[in-house]
Amino acid sequence: MSGRPGLASNAAPRRVATGAAPGKVILFGEHAAVYGRPALAAALGRGLGATVEADPDGPVLHLPAWGQTVRLRPGPDGRAGFESLPRAFAAALDAAGLHGPTARAIAVTLDGALPPSVGLGSSAAFAVSLLRALSAWAGAPLDDAALLDAAYSVEQVFHGTPSGVDHTVATLGGCLRFQRGAVPTFVRVPIGRPVPLVVAFAPRDTTGRDVVAGLRSRRDALPTVYERLFDAIGELTSAGEAALAAGDLPALGRLFDLNHEILRACGVSSAVNDELVALSRRHGALGAKLTGAGGGGAVIALVPGDPAPLLQAVGRAGHGAFATTLDDP
Ligand code: PMV
């Protein structure tokens, strides 16, 4: 052996494969999107990252941020709310071509600071970062088209038939306009200037599905009134797209405020959403709105100056918040 004393010159380097994906926010158009109007969604400047390495006791998935360890065999895994994780992990292993005990002798650590269950696309970031890392480990990285298909199948484990927005944004990044239809369409929308956001969040008082169902029954009782509200949101989405492309942050802020008020009229906001929007407006935001389904969950505030006063105010009110920036990928 020719190695210098004290150096393990023949030790194989530890092999790892990694993958990352961002969370998302809906900038304009949630709920109206269910009724065929366009909406804008954008990748957050934070998300999740996965690291794969060899482990003879695998497959095992460690999720330190969510306090979970997932094994495919039965065991004392998982708290309530995370029951789908073993099936989602298995679906991702299959989609990455990792079949059989030898290929699956791995440990995956998936970490990041994206809170789950508040409408920030955490399950899509989970799916896309995991698939990127697993397919890299398998030596056959998935291209975007294959990743979109595979991530949708993992998302279905969590959400049944999701709209497809979350995993599309997690895969492609940047800002996308989407429109539902027999085949949903996604068009890239340029971001003229980075958008400084504070995202504040609180647990939902209900599920996103129930918020959507509640609006459906109110809309069915008074269709012409609600369709007008959805038309107004659709117009705000188009105006928001123009303001985003022009880098006009004051206009974007005013449009956030207007969109939030219409969502309130639709009955999908909640006391905590309104509290977070009011705090934002008092602490330097050019505008703020709920993002996603509402009924609690997340709020976005456009804060071009120092975000610290708002972050502290949200913390004092007992809720979570972080500052991030939206930009082209
Ligand atoms: O809370 P999220 O991010 O899952 O957003 C739901 C968006 C809705 O428009 C309310 C529903 C939908 O499927 O488009």
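As shown above, the structure is provided for reference.
Numbering of residues starts from 1 in every chain and runs along the sequence as written. The predicted origin of the model limits local features to residues at a pLDDT of at least 70 and limits the giving and counting of side-chain atom pairs to 80 or more, whereas totals for whole chains, interfaces and linings rest on all residues. Hydrogens are left out, water is left out, and the side-chain values use all remaining heavy atoms of the structure.

A few words on unusual backbone geometry. For the bond from Gly58 to Pro59, the omega torsion is 5 degrees, close enough to zero to count as cis. Here a strand is any run of E in DSSP of at least two residues, a helix any run of H or I of at least four, and the numbering for each starts at the N terminus. Turning to its location among the elements, Pro59 is positioned in the loop between strand 2 (39-54) and strand 3 (60-63). The backbone of His31 sits at a positive phi, close to 70 degrees, despite the residue not being glycine. Along the polypeptide, His31 turns up in the loop between strand 1 (16-28) and strand 2. What makes His31 buried here is its relative accessible area of 5%. Residue Ser117 is not a glycine yet carries a positive backbone phi of 65 degrees. Its place among the elements puts Ser117 in the loop between strand 5 (106-112) and helix 3 (122-137). In this scheme, a residue with accessible area under 20% of its type's maximum is buried, one over 50% is exposed, and one in between is partly exposed, where area comes from a 1.4 Å probe on protein chains only. Classification of Ser117 as exposed rests on a relative accessible area of 59%.

Right, let's get into the site of the ligand. If even one non-hydrogen atom of a residue comes within 4 Å of a molecule or strand, that residue is called near it. In the vicinity of the ligand, the residues found are Lys24, Ile26, Glu30, His31, Val34, Gly119, Ser163, Arg180, Arg204, Val212, Gly292 and Ala293. For this analysis, a polar contact is any N or O atom pair within 3.5 Å, provided that within protein one partner can donate a hydrogen and the other can accept it, and provided that sequence-adjacent residues contribute only side-chain to side-chain pairs. A distance of 2.4 Å separates an oxygen atom of the ligand from a polar side-chain atom of Arg180. Note that an oxygen atom of the ligand is positioned 2.7 Å from one of the side-chain N or O atoms of Arg204. Within the complex, the protein chains bury 82% of what would otherwise be the 380 Å² of accessible surface of the ligand. In this analysis, the protein atoms alone were mapped onto a 1 Å grid. Cavities are point sets where a 1.4 Å probe fits without being able to get out; pockets are open sets with protein on both sides within 12 Å along at least five of seven lines; lining residues have an atom within 4 Å of a point. For a cavity or pocket, the test is whether more than half of a molecule's atoms lie within 2 Å of its grid points; if they do, the molecule sits there. Judged by the fraction of its atoms near the pocket grid, the ligand is located in the largest pocket. Residues are grouped as follows: Ala, Val, Leu, Ile, Met, Phe, Trp, Tyr, Cys and Pro are nonpolar; Asp, Glu, Lys and Arg are charged; all remaining types, including Gly, are polar. Residue composition of the shell around the ligand, by class: four nonpolar, four polar and four charged. Summarising the domain contributions, the shell around the ligand has at least three residues from each of domain 1 (16-188) and domain 2 (191-326). Accessible surface is estimated by sampling points in the Shrake-Rupley manner with a 1.4 Å probe; for residues, cover comes only from the protein chains shown. In this entry, domain limits derive from an automatic or database-based domain assignment.

The N-to-C vectors of helix 4 (residues 144-159) and helix 5 (residues 165-172) enclose an angle of 145 degrees; their axes lie 9 Å apart at closest approach. At the point where helix 4 passes helix 5, the crossing takes the right-handed sense. Residues Asp144, Leu147, Leu148, Ala151, Tyr152 and Glu155 of helix 4 form the contact with helix 5, whose participating residues are Asp166, His167, Thr168, Thr171 and Leu172. Considered class by class, the residues forming the contact of helix 4 with helix 5 number five nonpolar, three polar and three charged. To define axes, lines are fitted to C-alpha atoms, for helices over the stretch in contact only, and angles between the resulting N-to-C directions are given on a 0 to 180 degree scale. Left-handed is the label given to a crossing in which the near helix is rotated counterclockwise from the far helix by less than a right angle, and right-handed is the label when the rotation is clockwise. We call two residues in contact whenever any of their non-hydrogen atoms come within 4.5 Å of each other.

Two strands form a pair only when DSSP identifies at least two bridges running between them. Taken in spatial order, the four strands line up as 9-10-8-11 in an open sheet, and their pairing is antiparallel. Here the strands that pair on one side only, and so sit at the sheet edges, are strand 9 (287-291) and strand 11 (320-326). Across the sheet, the axes of successive neighbouring strands diverge by a mean angle of 25 degrees, strand direction being ignored. Of the strand pairs in this sheet, strand 8 (residues 195-202) and strand 10 (residues 297-302) are connected by six bridges, and their pairing is antiparallel. Across the sheet, the residue bridging to Leu197 is Leu302, located in strand 10. Relative to strand 10, helix 9 (residues 271-282) is tilted by about 20 degrees, and along the sheet it contacts strand 8, strand 9 and strand 10. Packing against the sheet, helix 10 (residues 308-316) makes contact with strand 8, strand 10 and strand 11, and its axis sits at approximately 150 degrees to strand 11.

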